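One-letter residues, chain by chain:
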Amino acid sequence: MSRTAGDIHPGAVAGTGGRRERTALVVWMLLVTGSFAVGAVLHGLGLLTIDHLPPLHAHFRVLTVTLLPAALFAAIAVRALPRLVAGGGFGRALLISYGSALAWTVLLAISADGLAAPFTHREEYLAVLPEVGHDPLGWLAGFTERLPEYPTHVRGHPPLPVLVVWALSAAGLPGPLAAALLVVAVGCAATVAIGLTVRRLAGEEAARRALPYLVLTPASVWIATTMDAFFAGVGAWGVALLVLGRSTRARTCFAAAGGVLLGALPYLSYGMVPYLLIPVVLAVLVRLPRPAVTAAAAGAAAVTAAFAAGGFLWPAGVVATHAEWVADPGAARPYLYFLVANLAVLALLAGPAAAVGLVRAAHDRDAVALVVAAALLAVLALDVSGVTRGEVERIWVPFALWIGPVAALAPGRMLAAQAVTGLLLQALVASPW
C-alpha cells in the first residue's frame, strides 16, 4: 500500500485524484440508493414479496436511545483508535484492535434485540441439535438423505456449522447466547488475522493504518448476528496462517493448520468455495515455499477425508442442497435485479471509504490490492452464478472484511463515514440474522 491517508495533502481533493474519489463516492451512493429504490418498486409490484427492504432481507425500523452507547464508542474510536494502534508494539496494536472490534460489534447488537436473539430462530442451526443428540457421526452419515426435513439454514449449508454448535453444547456451553459469543469472538478475530496478513504483504505501517478500518467496518452489523461471521474468522485465520512463522519448520506447521481451516470452509458453507481464491493469490504473492504448500494441501485433504469417513460426501451435499434451493421461494427472485443489488449490499458492508480506497488501490496495484481483487472476483463469481439472489448481507461478510485494508487508503476523515454507515444500518435495518 504505497500511499496512505497521511500522505494526502488536504488540497489534493481539488485535483484529479480528488475528482476520482468524489466520483467513487457518487457511484457508491447511486448504487446503494438505486438498488433500494428499484427494490421498493419491485416489492410494491408484487414481484419481490419475500424481501420487505430489498436488496436486504430485512424490515425497516428506527432505533433511538438504545444506539447511543454504540454511537458514543464510535465517536471515541474514530478519534482515538488510529493513534492507539500507531504506536507501541504490533501485538499491542492487534490486541487493542481486537478488543475494539468486540466492543463495537457487541454494542451494535445489544442496541436492538441482543446478542442471542438471531440464534433463537426456528430456522437456525441450533434448532436441529435435538436430532443430532449424542450421535453426531450417525447424524452426519444421514445428513444428505434427511436434508429436506431440516430448518432453512441447515438445508442451505453443509453439516459443519451444526457440528460446531453441537460441540459447543457438548462442551457445556449450550444455547443461543453461547453460540452468539463464539460467533462474535471468532468473527472479530478476523481483524487480527487480516492485520497480520497485511503486515506480511505491505509492512507494519500499512497494517497499523488498516486496523481502524477493519475494526469499524459496517459489516460489524452482521458479525454479531450470523454464523457467516464465524466462517469469516475461520477463513481469515486460514489465510493468515499461510504467511506466519520465521523458520521453515514453523512455516510448515502454520501452513498445515491454515490448510485445515481453509479445508473446513467448503464444509461450513458451499458459498465459501470461491473464497479459496484469496489464499491461492496470497500464496503466489509471498512465494509460499513448497513444503508449506504441501502441508497446507495435506491439511485441507485431511478435512475432506474426515468427512468422507464420517459418511458425508461434499458433491452429494451440493446436489442435495441445490435441489432444496430450487424449490425455495428465494430461487424465484429476479436475477438481473440482484445481479446489481447484491453488489450494492457489498458496498454497504465495505463502506464508503472502501469505494475511495479501491480507486487508489487500482492505481497502486500492490500486493494488498491484488488480495482485495481476489476477494472481489470471488464475490463476482458467486453473484453471476445466480445462487446468491438476495440475503447476501450475511453471505458477503467474509469477503467484505478483506476489502477493509484498501479503505485505509481513503482520507482519514472517511473512518467516521465508516462508523456512521454502520450506525445507520443498525438503526434503520431490522435483520433476522
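Model, not experiment: these values are computed from the prediction.

Assigned secondary structure in the protein chain consists of 22 helices and 2 strands. Projected onto its principal axes, the C-alpha coordinates of the protein chain cover approximately 65 × 60 × 40 Å. Classification of the 433 residues of the protein chain by burial places 54% in the buried group. Counting only contacts in the protein chain whose residues sit at least 6 apart along the sequence, the fraction spanning at least 24 positions is 84%. Summed over all atoms, the accessible surface of the protein chain reaches about 17400 Å², with 70% contributed by carbon and sulfur. Here the protein chain carries 26 positive and 20 negative side-chain charges, and the mean point of each set is 15 Å from the other.

Before going further, it helps to spend a moment on a nonpolar patch on the surface. A contiguous nonpolar surface patch, about 460 Å² in accessible area, is contributed by Phe-60, Val-62, Val-420, Leu-424 and Leu-428. No other element matches helix 22 (residues 414–428), which puts 3 residues into the nonpolar patch. Within the fold, Leu-428 resides in helix 22. Here Leu-428 falls in the partly exposed class, since its relative accessible area comes to 31%.

So, on to the environment of Pro-159. Locating Pro-159 in the fold gives a position in the loop between helix 6 (152–155) and helix 7 (160–170). In this structure Pro-159 comes out as buried when scored by relative accessible area, which is 0%. Residues Pro-159 and Phe-143 lie 16 residues apart in sequence; the distance between their C-alpha atoms is 7.1 Å. Setting aside chain neighbours within four positions, we find Pro-159 in contact with Trp-139, Leu-140, Phe-143, Tyr-267, Phe-307 and Phe-312.

What the rule picks out here adds up to 2 cavities of 30 Å³ or more. Elements represented by at least two residues in the lining of the largest cavity include exactly helix 9 (204–215), helix 16 (335–350) and helix 21 (404–407). Roughly 40 Å³ of internal volume is contained in the second largest cavity. Going through the elements one at a time, helix 8 (176–202) and helix 18 (367–385) are the ones with two or more residues in the lining of the second largest cavity. A per-class count over the lining of the second largest cavity returns 7 nonpolar, 1 polar and no charged.

Counting all residues, the mean pLDDT for the protein chain is 93, and 96% of those residues have values of 70 or more. Per-residue pLDDT stays below 50 along residues 2–14; that stretch engages in 22 contacts with residues further than four places along the chain or on separate chains.

Further remarks concern the pattern of salt bridges. A side chain of one charge can pair with a side chain of the opposite charge if their charged atoms are brought near each other. A complete count under the given rule lists 12 salt bridges for this structure. As a salt-bridge pair, Glu-21 and Arg-360 come within 2.3 Å of each other at their nearest N and O atoms. Here Arg-360 lies in helix 17 (residues 352–364) and Glu-21 lies in helix 1 (residues 16–44), a separation of 339 residues in the sequence. We note that Glu-21, like Arg-360, is buried. Note that Glu-204 is salt-bridged to Arg-199, the shortest N-O span being 3.9 Å. Among the residues examined, Arg-199 registers a relative accessible area of 33% and is labelled partly exposed. Each member of the salt-bridge network shares a partner with another, and the members are Asp-51, Asp-228, Arg-333, Glu-391 and Arg-394.

Turning our eyes to something else, we now look at the nonpolar core. Counting 144 residues, the largest nonpolar core has Trp-139, Phe-230, Tyr-275, Trp-396 and Trp-402 as the members making the most contacts within it. For this core, the element with the most residues is helix 8, which contributes 14 residues. Once residues within four sequence positions are removed from consideration, Tyr-275 is found in contact with Ala-232, Gly-235, Ala-236, Val-239, Leu-265, Ala-378, Pro-398, Phe-399 and Trp-402. Listed in part, the 5 residues of the second largest apolar core include Leu-42, Leu-48, Phe-338 and Ala-341.

Attention now goes to helix 7. For an α-helix, 3.6 residues make a turn, and residues three or four places apart therefore share a direction. Inspection of helix 7 places Leu-160, Pro-161, Val-162, Leu-163, Val-164, Val-165 and Leu-168 among the buried residues, and these make up the whole buried set. Trailing helix 7 by a residue or two, Gly-172 shows a phi angle of about 95°, which is positive.

The next subject is the packing of helix 11 (residues 228–240) against helix 12 (residues 248–268). At their nearest, the axes of helix 11 and helix 12 sit 7 Å apart, and the two run at 150° to each other. Comparing the axis directions of helix 11 and helix 12 gives the class roughly antiparallel. Pair helix 11 / helix 12 crosses with left-handed handedness. Contacts between helix 11 and helix 12 involve Phe-230, Phe-231, Val-234, Gly-235, Trp-237, Gly-238 and Val-239 from the former and Gly-258, Leu-261, Leu-262, Leu-265 and Leu-268 from the latter. For the contact of helix 11 with helix 12, the per-class residue count stands at 9 nonpolar, 3 polar and no charged.

By volume, the largest pocket is sized at about 1000 Å³. Secondary-structure elements contributing two or more residues to the lining of the largest pocket are helix 6, helix 11, helix 15 (314–327), helix 18, helix 19 (392–395) and helix 20 (397–400). Looking at the lining of the largest pocket element by element, the count peaks at 6 residues for helix 15.

The full count for this structure, using the stated rule, is 11 aromatic pairs. The interplanar angle of 45° and the centroid separation of 6.0 Å between the aromatic rings of Trp-139 and Tyr-150 together place this pair among those described as tilted. Pair noted here: Trp-139 is in helix 5 (residues 136–141) and Tyr-150 is in the loop between helix 5 and helix 6, with a separation of 11 residues, a long-range link. The pair formed by Trp-139 and Tyr-150 is uniform in burial state, with each residue classed as buried.

Calculation rules
- Residues numbered from 1 in each chain as written.
- Predicted model: local features only at pLDDT ≥ 70, side-chain atom pairs only at ≥ 80, totals over all residues.
- Heavy atoms only, no water.
- Helix = DSSP H or I, 4+ residues; strand = E, 2+ residues; numbered from the N terminus.
- Buried < 20%, exposed > 50% of the residue type's maximum accessible area, 1.4 Å probe, protein only.
- Contact = heavy atoms within 4.5 Å.
- Areas by Shrake-Rupley, 256 points an atom, 1.4 Å probe, with all protein chains shown as cover.
- Lys, Arg positive; Asp, Glu negative; His and termini not counted.
- Charge placed at Lys NZ, Arg CZ, Asp CG, Glu CD.
- Patch = residues over 30% accessible without salt bridge, like charges linked within 9 Å, V, L, I, M, F, W, Y side chains within 5 Å.
- Salt bridge = Lys/Arg side-chain N within 4 Å of Asp/Glu carboxyl O.
- 1 Å grid on protein atoms, 1.4 Å probe; cavity = no way out; pocket = protein on both sides within 12 Å on 5 of 7 lines; lining within 4 Å.
- Points joined across faces, edges and corners; volume = space filled by probe spheres on them.
- Nonpolar A, V, L, I, M, F, W, Y, C, P; charged D, E, K, R; others polar.
- pLDDT = per-residue confidence, 0-100.
- Core = buried A, V, L, I, M, F, W, Y, C linked by side-chain atoms within 4.5 Å.
- Axes fitted to C-alpha atoms, helices over the stretch in contact; angles between N-to-C directions.
- Parallel < 35°, antiparallel > 145°, perpendicular 65-115°, else oblique.
- Left-handed = near helix turned anticlockwise from the far one by under 90°.
- Phe/Tyr/Trp six-rings, centres within 6.5 Å; stacked < 30°, edge-to-face > 60°.

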